[in-house]
Structure formats: C-alpha cells, structure tokens
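Listed below, chain by chain, are the residues.
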Amino acid sequence: NLIPKLLEKGYEVHAFVMPNDPQLVKLKNLDVSVFEGSLAEKADVEAAMAGCDTVIHLAASMVATDKPERVFWDINVSSTFELVRCAVHSKIKRFLLASTDATYTCWNPVFTPISELHPQRPFFLYGLTKKVCEDILFSAQLESGMPVVAMRFSNVRCCDEILDAFTVSSLNARLKGYSSHPGSIVYR
C-alpha cells in the first residue's frame, strides 16, 4: 500500500517479499525491483538492500496465537535484528520501523493521554516483540549514527477491514475484556 505513494514521489523502490506472498499481485504493474526471500537469511536481505539508502521495515507477525511463541519471536525480533545489523553494515542512511502503541500499557497508564513520553510497558507478547525491536533499532543508532524512526501505529486497519473490526459485538467484547482485567481503568 505504501509503494505507489513512494513511486508517485519519484523514489526507486526495492520490495522485499516472502516467497509466494499472496500480496505480490499488488506489485504486478508497478515499476519496482522485487526481491523474494526471508528476513532471517542474511544473503536475501543483503541482495534486497544493495543500492538502497533507506529501509522502511513494515514486516511483522501481529498474531501470536496461530504459531508457536518461539516462531512468533523469531519472525518479529530475530528477523528485525538481522535486518538492522545488515543496515548498519551496509551504511544505510535512514531506517524506519513500523512499531505499535502496544509497547505502552493501556491497563494501568502512568498518565493520560498516553504520549511518546509515557513509559513503555508492553502487556502482551506482540507489544514486547515490538519494544525489543525498537531497542535493537535505537541501539544501532547509537552505535552507527544512522538516523532511525520507530512509528508506533495504533489500530491499523485497511479500508475493507474497518467495518468488520468495529461492530457492536466486537466493541462490546473489547469493553468486557478491559473490564475483567484488574489493572484497567474500566475495571476500577
């Protein structure tokens, strides 16, 4: 979804996709160099990164329940570690990481509204993996001087998902979940 906007602005784009990625069809008629591979494979990452000056890392698994927790960790954390290390060694000029507001706690916030100054205290595995990814990225910035940005998105939905995500029953279920957690404001 981002690539057409980058092309409109005149950027040359290398797209790194999983083998047999079902979303590959979106790139079919775009002027991009497509690299298929695994973020866990250094050679795949190096090939895709060659000639680039910026990395926008959007890949992650958001749901831990459909796979073993160790696999989930490796997809999010170990792969990000390899990607960031490759960026440092390749002298990438800028690195942007898609993170999440799940790195903060919504159960018992220190203050509201929650801002970027709020302590990051993830309360489930996905948020923890993204917090660790941010730590990897910010450490690389200190080490190499590479400018980095962690973008903490909240409730990311594509336009065809929004109506399914915010039905009366789904909102009711969320409120019940919050109200049953002893640390939440709704519970109190």
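Visitor: For this particular structure, what's the right way to read helix α4 (residues 125-144)?
Guide: In a regular helix each residue adds 1.5 Å, so 20 residues correspond to 28 Å; α4 covers 29 Å between its end C-alpha atoms and thus fits that length. Residues of α4 that are buried: Y126, G127, T129, K130, K131, C133, E134, I136, L137 and A140. Against the buried residues of α4 lie α3 (69-89), β4 (94-100) and β5 (148-153).

Visitor: I'm lost on the pattern of salt bridges in this one. Help?
Guide: A side chain of one charge can pair with a side chain of the opposite charge when the charged atoms of the two come close. A complete count under the given rule lists four salt bridges for this structure. Between R85 and E143 there is a salt bridge whose closest N-O contact spans 2.8 Å. Of this pair, R85 sits in helix α3 while E143 sits in helix α4, and the two are 58 residues apart along the sequence. Of the charged contacts in the structure, one is a salt bridge between D135 and K131, with a shortest N-O distance of 2.8 Å. Pair noted here: D135 and K131 are both in helix α4, with a separation of four residues, about one helical turn. Its relative accessible area of 18% is what places K131 among the buried residues.

Visitor: Is there a simple way to explain the packing of α3 against α4 in this structure?
Guide: A pair of packed helices is characterised by two quantities: the angle between their axes and the separation of those axes. For the pair α3 and α4, interaxial distance at closest approach is 10 Å and the crossing angle is 15°. Compared by their axis directions, α3 and α4 come out roughly parallel. Handedness of the α3/α4 crossing: right-handed. Counted together, E69, F72, W73, N76, V77, T80, F81, V84, R85 and V88 of α3 and L125, Y126, L128, T129, V132, C133, I136, L137, A140, E143 and S144 of α4 form the full contact between these two elements. In the contact of α3 with α4, the residues fall into 14 nonpolar, four polar and three charged.

Visitor: I keep staring at the pairing of β5 and nothing clicks. Help me out?
Guide: Note: β4 against β5, six bridges, orientation parallel. Bridging across to β5, L96 finds its partner in V149. Remark: the β4/α4/β5 crossover connection has right-handed handedness.

Visitor: What is the right way to read the packing of helix α2 (residues 42-49) against α3 from this model?
Guide: In contact at an axis separation of 10 Å, α2 and α3 are set at 50° when each is read in the N-to-C sense. Compared by their axis directions, α2 and α3 come out oblique. With respect to the hand of their crossing, α2 and α3 are arranged in right-handed fashion. Each of V45, E46 and M49 in α2 lies in contact with α3, whose residues at this interface are L83, C86 and A87. Across the contact of α2 with α3, the residue classes break down as five nonpolar, no polar and one charged.

Visitor: What exactly am I supposed to notice about the sheet that holds β5 here?
Guide: Strand pairing in a sheet is mediated by backbone hydrogen bonds. Such pairs are either parallel or antiparallel. On the basis of which strands lie adjacent, the open sheet formed by three strands has the order β3-β4-β5 and parallel pairing. On the outer flanks of this sheet lie β3 (54-57) and β5, each paired with one strand and no other. The mean inter-strand angle of the sheet, taken between neighbouring strand axes irrespective of direction, is 15°. Across the sheet, α4 is in contact with β4 and β5; its angle to β4 comes to roughly 160°.

Visitor: How do you make sense of the environment of Q120 when you look at a structure like this?
Guide: By the secondary structure assignment, Q120 is in the loop between β4 and α4. On the basis of relative accessible area, Q120 is assigned to the partly exposed category, the value being 23%. Each C-alpha atom, one on Q120 and one on D101, is 9.0 Å from the other, the two residues being 19 residues apart in sequence. In this structure the side chain of Q120 is engaged in a polar contact, spanning 2.7 Å, whose partner is the side chain of T103.

Visitor: Please explain the side chain of T129 as it appears in this structure.
Guide: With respect to the secondary-structure elements, T129 resides in helix α4. In this structure, T129 is in contact with F72, W73, N76 and V77, ignoring residues within four places of it in sequence.

Visitor: What is the right way to read the packing of aromatic side chains from this model?
Guide: For any pair of aromatic rings, the description rests on two quantities: the centre-to-centre distance and the angle between the ring planes. As enumerated under the stated definition, the model contains two aromatic pairs in all. Three or more aromatic residues joined by ring pairs make a cluster, and in this case those are F123, F124 and Y126.

Calculation rules
What you see as residue numbers is a count from 1 along each chain, following the sequence as written. Local features in this predicted model are restricted to residues whose pLDDT is 70 or higher, and side-chain atom pairs enter the listing and the counts only when it is 80 or higher, whereas totals over whole chains, interfaces and linings include all residues. No hydrogens and no water enter the side-chain calculation; it runs on all heavy atoms of the structure. The helix and strand labels rest on DSSP assignments: H or I over at least four residues marks a helix, E over at least two residues marks a strand, and numbering proceeds from the N terminus. Helices are assigned an expected span. That span is 1.5 Å times one less than the residue count. Only protein chains enter the accessibility calculation, which uses a 1.4 Å probe; a residue is then buried when its area is under 20% of its type maximum, exposed when over 50%, and partly exposed in between. By definition in these notes, contact holds between two residues if any of their heavy atoms fall within 4.5 Å. The working definition used for a salt bridge is a side-chain nitrogen of Lys or Arg within 4 Å of a carboxyl oxygen of Asp or Glu. Between N-to-C directions, angles cover 0 to 180 degrees, with each direction set by a line fitted to C-alpha atoms, over the stretch in contact for helices. Roughly parallel means an angle under 35 degrees; roughly antiparallel, over 145; roughly perpendicular, 65 to 115; everything else is oblique. Crossing handedness follows the turn of the near helix against the far one: under a right angle anticlockwise gives a left-handed crossing, and clockwise gives a right-handed one. Classes in brief: Ala, Val, Leu, Ile, Met, Phe, Trp, Tyr, Cys and Pro nonpolar; Asp, Glu, Lys and Arg charged; the others, Gly included, polar. Strand pairing follows a simple DSSP-based rule, namely that at least 2 bridges must link the two strands. By the criterion used throughout, a crossover qualifies as right-handed when its path from the first strand across the helix to the second strand runs clockwise, the strands pointing away from the viewer. Polar contacts here mean pairs of N or O atoms no more than 3.5 Å apart (in protein, one a potential hydrogen donor and the other a potential acceptor; neighbouring residues in sequence count only if both atoms are side-chain atoms). The aromatic pairing rule takes the rings of Phe, Tyr and Trp, using the six-membered ring of Trp, and pairs them if the centres are within 6.5 Å, calling planes under 30 degrees apart stacked, those over 60 edge-to-face and the rest tilted.

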